[in-house]
Amino acid sequence: MKIGFIGLGIMGKPMAKNLVKAGYDVIVADKFAPKAVEEVVAVGAKAGASNMDVGSQVDILITMVPNSPNVKEALFGEDGAAKTLKKGAIVLDCSSINPIASREICAELDKMGIEMLDAPVSGGEPKAIDGTLAFMVGGKPEIFDKCKDILDKMGSSVVLCGSIGAGNVTKLCNQICVAINIAGLAEAMMLGQLAGVEPEKIFDAIKGGLAGSTVMNAKAPMMMDQNFKPGFRIDLHIKDLNNVVDAAKAVDSPIPLTQSVLEMMKILHRDGDGSCDHSALLKYYQKLTGEVLHH
Ligand code: NAD
């Protein structure tokens, strides 16, 4: 079975490498990242000359690009891989995109006789490197069964959440929880410091209790170090929360907390912090108070 992989960024590059290491025949393309292509080819992948070239050679095509316009471009644009995919091929879109767009893309592929799963991930670069990502998947159960072994080589948790789009709905739920959790942590740490308690003590005292979380363990040390190297960029989280707004509008679901955190992230973006890790939500509170969180 031949696997195509389009999009070798922070996430796609280690994911493609793990498929090569697992013994799959992998053909890659990323016209904007030739160095990443070279790196994946160095571990045993083949370089496609273009997206269409990749499409013409593979049974399963994985896409890992920023947002829905990029997925549409990679599949249906001038150099769209879907144009050369054979009937019965499967597109496995691992990008985090609007679930409404996933359904549109799936309908377009269906007209071409091509199957699709939406399979976004949680875990970030370290888990992409370790092959321990969490996949949340939407699509037909029989197509999921055909792709499960491949997903298992890149992740330690692979859950079929429902029909097409369900993977990205679940990913939006994940992104709401992470965003609000980070904002809450930043708000709490700033209050604690202003009220005279050392942030390190607050973290040590509460991390083992009900407020403790994976987010707290990962982001509190970054905040205290003023280390906002991404990780997951504010700009990508803005993209996800904008997708939450669209998805919520479609089903009339209230999202007051998401809207608040989205506003904070937009202010940070306007101030030039869009490429910082999302733990830089702390900077919003630092700007308001003139106080810098310390250890
Ligand atoms: P990235 O910007 O590092 O990489 C995206 C890659 O896609 C780039 O190398 C770009 O050149 C390529 N690309 C874009 N359009 C293309 C096209 N038409 N043809 C070929 N290549 C194309 O992004 P990333 O951090 O790897 O994230 C990818 C997706 O995974 C996003 O949807 C993101 O929200 C999601 N995600 C990221 C993380 C994280 O921690 N970085 C975690 C979970 C999920």
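Reading guide: rules and limits
Residues numbered from 1 in each chain as written. Predicted model: local features only at pLDDT ≥ 70, side-chain atom pairs only at ≥ 80, totals over all residues. Heavy atoms only, no water. Helix = DSSP H or I, 4+ residues; strand = E, 2+ residues; numbered from the N terminus. Rg over C-alpha atoms; globule rule 2.2 N^0.38 Å. Buried < 20%, exposed > 50% of the residue type's maximum accessible area, 1.4 Å probe, protein only. Contact = heavy atoms within 4.5 Å. Disulfide = S-S within 2.5 Å. Domains from an automatic or database assignment. Buried area = accessible area lost by both parts, 1.4 Å probe. Salt bridge = Lys/Arg side-chain N within 4 Å of Asp/Glu carboxyl O. Polar contact = N/O pair within 3.5 Å; in protein donor to acceptor, adjacent residues only side chain to side chain. Nonpolar A, V, L, I, M, F, W, Y, C, P; charged D, E, K, R; others polar. Axes fitted to C-alpha atoms, helices over the stretch in contact; angles between N-to-C directions. Parallel < 35°, antiparallel > 145°, perpendicular 65-115°, else oblique. Left-handed = near helix turned anticlockwise from the far one by under 90°. Near = heavy atom within 4 Å.

**Section: the overall build of the protein chain**
- Along its length, the protein chain carries 13 helices and nine strands.
- What you see for the protein chain is a C-alpha radius of gyration of 20 Å, in line with the 19 Å of a compact globule of 295 residues.
- Burial statistics for the protein chain: of 295 residues in total, 50% are counted as buried.
- For the protein chain, the share of sequence-separated contacts (at least 6 apart) that also reach a separation of at least 24 residues comes to 66%.

**Quick notes on the state of the cysteines**
- Throughout the structure, instances matching the rule amount to zero disulfides.
- Free of any disulfide, Cys94 has its nearest neighbouring cysteine sulfur in Cys147, separated by 9.3 Å.

**Digging into the domain arrangement of the protein chain**
- For the protein chain, the domain assignment lists domain 1 (2–163) and domain 2 (169–289).
- Its C-alpha centre places domain 1 at a distance of 29 Å from the equivalent point of domain 2.
- Facing the 14 residues of domain 1 at the interface are 13 residues of domain 2.
- Both faces considered, domain 1 and domain 2 share a buried interface measuring about 1,000 Å² in area, 60% of it formed by carbon and sulfur atoms.
- At the surface where domain 1 touches domain 2, the tally comes to zero salt bridges.
- Counting across the domain 1 and domain 2 interface gives three residue pairs in polar contact (both at pLDDT 80 or more).
- Among the elements of the structure, helix H5 (99–111) and strand E7 (121–122) are those that each provide at least two residues to the side of domain 1 that touches domain 2.
- Ranked by residue count, the leading element in the side of domain 1 that touches domain 2 is H5, at three residues.
- Looking at side-chain class alone, the side of domain 1 that touches domain 2 contains nine nonpolar, four polar and one charged residues.

**Re the packing of helix H8 (residues 166–194) against helix H11 (residues 234–251)**
- Contact geometry for H8 and H11: axes closest at 10 Å, N-to-C directions at 120°. Taken as axis vectors, H8 and H11 run oblique relative to one another. Between H8 and H11 lies a crossing of left-handed hand. Here H8 contributes Leu172, Gln175, Ile176, Val178 and Ala179 to the contact with H11, which in turn contributes His237, Asp240, Leu241, Asn243, Val244 and Ala247.
- Of the residues assigned to the contact of H8 with H11, the class counts are seven nonpolar, three polar and one charged.

**Looking at the site of the ligand**
- Inspection of the region around the ligand gives 27 residues, with Ile10, Met11, Asp30, Pro66 and Lys239 positioned closest.
- At 2.9 Å from an oxygen atom of the ligand is found a main-chain nitrogen or oxygen belonging to Met11.
- The separation between an oxygen atom of the ligand and a polar main-chain atom of Val65 is 3.3 Å.
- Going through the elements one at a time, helix H4 (68–76) and H11 are the ones with two or more residues in the shell around the ligand.
- The greatest single-element share of the shell around the ligand, amounting to three residues, is contributed by H4.
- Residue composition of the shell around the ligand, by class: 13 nonpolar, eight polar and six charged.

**Comments concerning the packing of H5 against H8**
- Relative to each other, H5 and H8 sit at 165°, their axes nearing to 8 Å. When the axis of H5 is compared with that of H8, the two are roughly antiparallel. Considering how the two elements wind past one another, H5 and H8 form a crossing that is right-handed. In this structure, H5 contributes Pro99, Ser102 and Arg103 to the contact, and H8 contributes Asn168, Val169 and Leu172.
- Of the residues that constitute the contact of H5 with H8, the class distribution is three nonpolar, two polar and one charged.

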